[in-house]
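Fold and contact review
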Amino acid sequence: MNGWQQVTLDDVAIINPTESLKKGQLAKKIAMESIQPFTKNPSGFSLTEFNGGMKFRNGDTLVARITPCLENGKTSYIDVLDEGEIGFGSTEYIVLREKPQISDKQFLYYFSISPIFRDVAILSMTGSSGRQRVQTDVVRQHLFELPSIEEQKAIAAVLSSLDDKIDLLHRQNKTLETMAETLFRQWFVEEAEDWKDGILGDVIELIYGKALKEDLRTGSGYPVVGSSGTVGHHAEYLVEGPGIVIGRKGTLGKVTYLFENFFPIDTTYYIKSKINSAGMLYECFLLKTLSFENSDSAVPGLNRDIALSEEIKIPPQNLIEEFNDICAGFFSKMKVNINQIRTLENLRDILLPKLMSSEVRVEV
């Protein structure tokens, strides 16, 4: 016997707790797109007038209840609010809050991303195709096995230590990228001299990505890259890395840099350099400084000919090479960090179901 108790979610969590925000009041909003699949903390928030939605505080867990967000793992632990501050977000969230002395807030987050909870939630979904939602009452009354509050905290401490290291590496990479971007702006924007006039098409080619059905985007293989970033993996790749993808349909103009071989889908363009720029770091930051707008009238999108006609200044080749040499060190460290992040994520994902099912126990 593992000593764990059979409880309902209602026994151990406050579900959709009642909070108060006045209509029109400015508050932090965490949109669904700010919650990344199986990523503990939201990627950001906006300060927005409250006009409805689910309300929450720090320490609460947000679980997407609508398809395909739930299946994709959109679940987040909230830690971006001040003490006593109330935030809000989509009506398509289920909010989970700890019950003092009964459950641990960090444990509830990990429980909610584990198969033990997710399988029940996904099976409970009803509604028309494409708009199915979790039946909260089914999940609320389902029987789960949960450990004591002390063991909950011990389990959460193990998993949190991995997520904290992952978050630190992500922040290191953001700092390294910001350093490179700052150098680019100083050299190629603020200190630009009397360089010759040109267009973006003098520097790069934009090549259409290739359609790939969603059922071929498996959990392993090479990254499949859409306009919003990585959207899956595939057994084969289309482009050798390092490379750059830019959003063509959907998230227009978003620039994604890939270290490894990848498969860009048809909502994107991928880049070929015309100036043989090592690692295409100059091209990456050049694209990040340009503002691309919707240029297709019938269907919103980024028109290739219009994008390539964007006017730019052409810097000396030796300056581009010096920039690439300096930033190569930044990006080399970023690549090491990305590999370490993957190792830690794999370890966390292996441990999570074992800890939540008592197959692996931690010392209390």
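Residues numbered from 1 in each chain as written. Predicted model: local features only at pLDDT ≥ 70, side-chain atom pairs only at ≥ 80, totals over all residues. Heavy atoms only, no water.

**Points about the overall build of the protein**
What counts, and what does not: To qualify as a helix, a DSSP run of H or I must reach at least 4 residues; to qualify as a strand, a run of E must reach at least 2; elements of each kind are numbered from the N terminus. For every residue, the accessible area (1.4 Å probe, protein chains only) is compared with the maximum for its type, and the residue is labelled buried under 20%, exposed over 50%, or partly exposed between those bounds. Two residues qualify as a contact provided that any one of their heavy atoms is within 4.5 Å of a heavy atom in the partner residue. Surface accessibility in these figures is a Shrake-Rupley result with a 1.4 Å probe; residues are shielded only by whichever protein chains are displayed.
A tally of regular secondary structure across the protein gives eight helices and 19 strands. Oriented by its inertia axes, the alpha-carbon framework of the protein measures out at about 75 × 45 × 40 Å. Here the protein, with 364 residues, has 46% of them falling under the buried criterion. Of the contacts made within the protein by residues no fewer than 6 positions apart, 75% connect residues no fewer than 24 positions apart. Looking at the protein as shown, the accessible area adds up to about 18500 Å², and 49% of this sits on carbon and sulfur atoms.

**Section: the pattern of salt bridges**
Note that side chains of opposite charge can pair when their charged atoms are close. Short version of the rule: Any Lys or Arg side-chain nitrogen found within 4 Å of a carboxyl oxygen on Asp or Glu counts as a salt bridge.
According to the stated counting rule, one finds 17 salt bridges in the structure shown. Of the charged contacts, one joins Glu-19 and Arg-97 as a salt bridge, the two residues approaching to 2.9 Å between their closest N and O atoms. Of the two residues, Glu-19 is situated in the loop between strand 2 (13-15) and strand 3 (26-30) and Arg-97 in strand 9 (residues 93-98); the sequence distance between them amounts to 78 residues. Overall, Glu-19 belongs to the buried group, its relative accessible area being 15%.

**With respect to the sheet that holds strand 4 (residues 46-49)**
The strands that make up a sheet are held in pairs by hydrogen bonds between backbone atoms, and each pair lies either parallel or antiparallel. Formally: Here, a strand pair is defined by DSSP locating no fewer than two bridges between the strands. Helix axes use the C-alpha atoms of the stretch in contact, all axes being lines fitted to C-alpha atoms, and the angles between their N-to-C directions lie in the range 0 to 180 degrees.
The sheet built from four strands is open, its strands ordered 4-3-8-5 with mixed pairing. Because the sheet does not close on itself, it has two edges, and the strands there are strand 4 and strand 5 (54-56). Pairs of neighbouring strands in the sheet enclose a mean axial angle of 45 degrees, with direction left out of account.

**Digging into the packing of aromatic side chains**
Stated formally: Pairs were defined over the aromatic rings of Phe, Tyr and Trp, the Trp ring being its six-membered one, requiring ring centres within 6.5 Å. Orientation was assigned from the angle between planes: stacked under 30 degrees, edge-to-face over 60, tilted for the rest.
Applying the stated criterion to the full structure yields 22 aromatic pairs. Taken together, a centroid distance of 5.4 Å and an interplanar angle of 85 degrees make the contact between Phe-188 and Phe-323 edge-to-face. In this pair, Phe-188 is assigned in helix 5 (residues 149-190) and Phe-323 in helix 8 (residues 317-356), connecting sequence segments 135 residues apart. Here a set of aromatic residues connected by ring pairs shows up, and it is made of Phe-184, Trp-187, Phe-188, Trp-195, Tyr-257, Phe-259, Tyr-282, Phe-285, Phe-323 and Phe-331.

**Description of helix 8**
Formally: Expected span of a helix, by definition, is 1.5 Å for each gap between consecutive residues, and there is one gap fewer than residues.
Here helix 8 contains 40 residues, and its C-alpha end-to-end distance of 56 Å stays within 8% of the 58 Å for a straight helix at 1.5 Å per residue. Among the residues trailing helix 8, Ser-358 stands out with phi positive, at a value near 70 degrees.

**Observations concerning the sheet that holds strand 9**
The strand order across the open sheet formed by four strands is 2-9-6-7, and the pairing between neighbours is antiparallel. In the strand order of this sheet, the two ends are held by strand 2 and strand 7 (75-77), each with one partner. For this sheet, the mean angle separating the axes of adjacent strands, direction not counted, is 25 degrees. As defined by bridge partners, strand 6 (residues 61-64) adjoins strand 9 across four bridges and the pair is classed as antiparallel. For Thr-61, the partnering residue across the bridge sits in strand 9 and is Leu-96. In this fold helix 2 (residues 105-113) packs onto strand 2, strand 6, strand 7 and strand 9, with an angle of close to 170 degrees to the strand it touches most, strand 7.

**What about the environment of Ala-154?**
Here Ala-154 is to be found in helix 5. Taking relative accessible area as the criterion, Ala-154 reaches 16% and is therefore assigned buried. Along the sequence, Ala-154 and Leu-108 sit 46 residues apart, while their C-alpha atoms lie 13 Å from each other.

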